[in-house]
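Single-letter residue listing:
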Amino acid sequence: MKIVIVDENPVRAVILYEGLREAGFTDVERIGETRSLLKRIYALDPDVILIDLENPSRDTLEQMFQVSRAVRRPIAMFVDQSDTASIEASVEAGVSAYIVDGLKKERVKPILELCVSRFRAFSKLRDELERAKTDLDERKAIERAKGILMKAKKLTEDEAYKMMRSGAMRENKKIVDIARAIITAAEMFK
């Protein structure tokens, strides 16, 4: 597992590095400066990102949130001080673990495991939501196309569906593709 530590403070970064090394993780890179952070993270392509912010300013937090939104990876953020707004913004931005005043090398491995586990669970939920949205959009297109056929050809709902299904089989396409073509054609003739 490739891990990137984002920390401007080398002393604090060593704590994370040592905790990772003791936990058996050897492929660890450190980014010590946050300028062009997103570009550098893309170049390293880590599996997990650990961000250590001693006393984060609003601008620094916003930059870290941009990273967490853009890079779909497990991210653990270590901060010394926090407030409710920062925690909520972190969770909303996709940070998997937000640890306040908890930088101890013996805690790094369990925090990393929690971070990866929460990221996977969240990713699974996000994928399921995307699939559900896609299925709903497809169902809406099919229903709309059936309505168009029913009105234009004076068909029953079942006959309209059978007509779309036969077209899909004949053209070796999905029924939703046929439905979208019907909708597009109907819109052209409005």
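Residues numbered from 1 in each chain as written. Predicted model: local features only at pLDDT ≥ 70, side-chain atom pairs only at ≥ 80, totals over all residues. Heavy atoms only, no water.

Considering the overall build of the protein
In terms of regular secondary structure, the protein is built from seven helices and five strands. Sequence-ordered secondary structure for the protein, helices as α and strands as β, is β-α-β-α-β-α-β-α-β-α-α-α. Since a compact globule built from 190 residues should have a radius of gyration of about 16 Å, the 25 Å found for the protein marks it as more spread out than a globular shape. For the protein, the spread of C-alpha atoms along the principal axes amounts to about 75 × 35 × 25 Å. Looking at the 190 residues of the protein, the share that counts as buried comes to 35%. Considering only intrachain contacts with a sequence separation of at least 6, the fraction spanning at least 24 residues in the protein is 61%. Carbon together with sulfur atoms contributes 51% to the accessible area of the protein, which is approximately 11,700 Å² in total. (Helix = DSSP H or I, 4+ residues; strand = E, 2+ residues; numbered from the N terminus. Rg over C-alpha atoms; globule rule 2.2 N^0.38 Å. Buried < 20%, exposed > 50% of the residue type's maximum accessible area, 1.4 Å probe, protein only. Contact = heavy atoms within 4.5 Å. Areas by Shrake-Rupley, 256 points an atom, 1.4 Å probe, with all protein chains shown as cover.)

Things to note about the packing of helix 5 (residues 108-153) against helix 6 (residues 157-171)
Interaxial distance between helix 5 and helix 6 falls to 9 Å at its minimum, and their mutual angle equals 110°. On the basis of their axis angle, the class for helix 5 and helix 6 is roughly perpendicular. Here helix 5 and helix 6 pass one another in a crossing that is right-handed. Touching I142, E143, A145, K146, L149, M150 and K153 of helix 5 are E157, A160, Y161, M163 and M164, all from helix 6. The residue makeup of the contact of helix 5 with helix 6, split by class, is eight nonpolar, no polar and four charged. (Axes fitted to C-alpha atoms, helices over the stretch in contact; angles between N-to-C directions. Parallel < 35°, antiparallel > 145°, perpendicular 65-115°, else oblique. Left-handed = near helix turned anticlockwise from the far one by under 90°. Nonpolar A, V, L, I, M, F, W, Y, C, P; charged D, E, K, R; others polar.)

Some thoughts on unusual backbone geometry
Excluding glycine, a negative phi dihedral is what most residues carry, and trans is how most peptide bonds are arranged. The backbone of K154 shows a phi angle near 55°, a positive value even though the residue is not glycine. Of note, K154 is situated in the loop between helix 5 and helix 6. A positive phi angle, near 55°, is found at N172, a position not held by glycine. Residue placement: N172 occurs in the loop between helix 6 and helix 7 (175-188). Judged by relative accessible area, N172 falls into the exposed class, the value being 73%.

Description of the pattern of salt bridges
In a structure, side chains of opposite charge can pair up when their charged atoms sit close to one another. If you walk through the whole model with that rule in mind, you get 11 salt bridges. Its salt-bridge partner being D52, residue R12 comes within 2.3 Å of it at the nearest N-O pair. Residue R12 is located in helix 1 (residues 10-22), and its partner D52 is located in strand 3 (residues 48-53); the two are separated by 40 residues in the primary sequence. Classification of R12 as buried rests on a relative accessible area of 11%. Residues joined by salt bridges that share partners form a network here, namely R139, E143, K146 and E157. (Salt bridge = Lys/Arg side-chain N within 4 Å of Asp/Glu carboxyl O.)

Section: the pairing of strand 5 (residues 97-100)
Pairing geometry for strand 4 (residues 75-79) and strand 5, over four bridges, is parallel. In the strand pairing of strand 5, A76 is matched with A97. Handedness of the crossover joining strand 4 and strand 5 through helix 4 (residues 84-93) is recorded here as right-handed. (Pairing = 2+ DSSP bridges. Right-handed = clockwise from strand over helix to strand, strands pointing away.)

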